[in-house]
Amino acid sequence: MVTHPALTPDDVRLARLENPGFGRVFTDRMVTIRYSEGAGWHDATLGPRQNLSFDPSTAVLHYAQEIFEGMKAYRLDDGAAALFRPDANAARFRASAERMAMVPLPEAMFVDAVKALVLAERDWIPSVPGGALYLRPFMIASEVFLGVKPSSEYIFAVIASSVGAYFKGEAPAVSLWVSTDYTRAAPGGTGAAKCGGNYAASLIAQAEATRRGHDQVLFLDATERRWIEELGGMNVFFVFDDGSLLTPPLGGTILPGITRDSLITLARDRGLVVREAPYAIDQAQADARSGRLVEAFACGTAAVVTSIGSMTLGDDRFTIGSGGPGQVTGALRSALVDLQLGHAPDPYGWHVRLD
């Protein structure tokens with residue numbers, strides 16, 4: 001551990017935590033670990049958050065070998081901190097690295113790095129409703145070269161940001177623009193990896209959704225432009241009038257969300273039927289009109305669980321259920337949050353307390 005020369009004064013930190021927003025307030029420290037051929041992973045350091053310096057020909061700047069994770073640390077009622085399923089994030093980080101031809105970081109090293117940063121920065125967890133310490137582990141290709149090949153050097157780092165609610169104003173439900181011009185991923189591509197290129201490719205569609213007055217974009221499959229896949233940064237679920245749920249299947253083009261997986265488990269353990277099956281946008285349109293589709297929600301680490309009130313396909317805007325939060329959505333969100341905050345028994349071993 002490297003001693004920090006100038007920690008943020010307590011009064012300044014507390015003022016920033018009163019209304020942190022999302023992704024704008026950063027803590028004082030970061031973790032870095034380096035990899036090079038021959039030496040392996042080495043020089044693990046918990047030290048001051050600082051700029052990274054690159055040669056103009058550093059590989060990540062030209063060939064986009066880059067991956068990241070999103071996870072949160074929560075403040076418990078007794079003041080301690082907790083993580084939620086960090087082992088799952090570590091496993092997904094490894095899978096992303098393998099898909100991007102990067103050297104995988106050992107999963108135990110990933111978890112230890114995250115824990116070390118949270119323990120050092122627990123005072124940055126805001127106490128506002130929905131507040132958490134958002135953690136961003138990432139890895140970049142750092143070899144200096146020009147040539148299309150996997151890098152032989154990497155930097156792994158973890159930074160942290162104090163956050164409040166993801167959506168401004170905590171809207172009861174969001175509206176979706178269904179993109180028919182752009183796709184997020186294609187079979188054989190990087191859709192299941194958490195790499196920056198996937199998000200960069202989604203931005204033009206998200207900008208179109210925003211321009212048309214919607215909160216988020218919904219992507220369809222790349223082949224038929226008919227089958228629902230996911231939002232720009234969240235998985236999606238549908239709830240029907242018989243109480244069953246459906247979420248699009250993974251299969252390589254959809255990010256295997258940890259929140260998604262957790263909700264499937266929670267729903268099934270509550271006796272709900274959950275299908276992982278294809279769902280066509282025209283069928284969703286018809287089901288919403290007939291009343292068969294009664295709720296829909298998006299989920300992810302940042303936004304947790306967010307109700308979907310309407311979708312717009314071309315010139316047709318259709319409302320889902322009441323247009324606001326539904327009972328199943330609310331119950332699942334509460335069950336998930338209670339586990340994250342340690343307010344409910346955890347039979348799964350997902351809640352990881354840090355003392």
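These numbers come from a predicted model, not from an experiment.

Chemist: Hey, could you go over the environment of A88 for me, with residue numbers and the actual values?
Modeler: The residue A88 is located in helix α3 (residues 86-99) in this model. Taking relative accessible area as the criterion, A88 reaches 17% and is therefore assigned buried. When the C-alpha atoms of A88 and L250 are compared, they prove to be 16 Å apart, with 162 residues separating the residues in sequence.

Chemist: Kindly report on a nonpolar patch on the surface, identifying the contributing residues and their values.
Modeler: A surface patch of nonpolar side chains, about 250 Å² in accessible area, is lined by L52, F54 and L61. As for its position among the elements, L61 is in helix α2 (residues 59-63).

Chemist: Tell me about the environment of A132, and name the residues and values.
Modeler: Following the sequence through the fold, A132 ends up in strand β7 (residues 132-141). Here the alpha-carbon distance between A132 and F84, two residues 48 residues apart in the chain, equals 12 Å. Leave out the neighbours within four places in its chain, and A132 touches K72, A73, Y74, I125, P126, S161, S162 and V163.

Chemist: I'd like a description of the packing of aromatic side chains, backed by residues and values.
Modeler: Counting across every chain of the model gives 13 aromatic pairs. Taking 5.6 Å as the distance between ring centres and 80° as the angle between the ring planes, the aromatic pair formed by F84 and W350 counts as edge-to-face. Here W350 lies in the loop between α8 (327-340) and β18 (351-354) and F84 lies in strand β6 (residues 81-84), a separation of 266 residues in the sequence. Like F84, the residue W350 is buried in the burial classification.

So, how was this worked out
- Residues numbered from 1 in each chain as written.
- Predicted model: local features only at pLDDT ≥ 70, side-chain atom pairs only at ≥ 80, totals over all residues.
- Heavy atoms only, no water.
- Helix = DSSP H or I, 4+ residues; strand = E, 2+ residues; numbered from the N terminus.
- Buried < 20%, exposed > 50% of the residue type's maximum accessible area, 1.4 Å probe, protein only.
- Patch = residues over 30% accessible without salt bridge, like charges linked within 9 Å, V, L, I, M, F, W, Y side chains within 5 Å.
- Areas by Shrake-Rupley, 256 points an atom, 1.4 Å probe, with all protein chains shown as cover.
- Salt bridge = Lys/Arg side-chain N within 4 Å of Asp/Glu carboxyl O.
- Contact = heavy atoms within 4.5 Å.
- Phe/Tyr/Trp six-rings, centres within 6.5 Å; stacked < 30°, edge-to-face > 60°.

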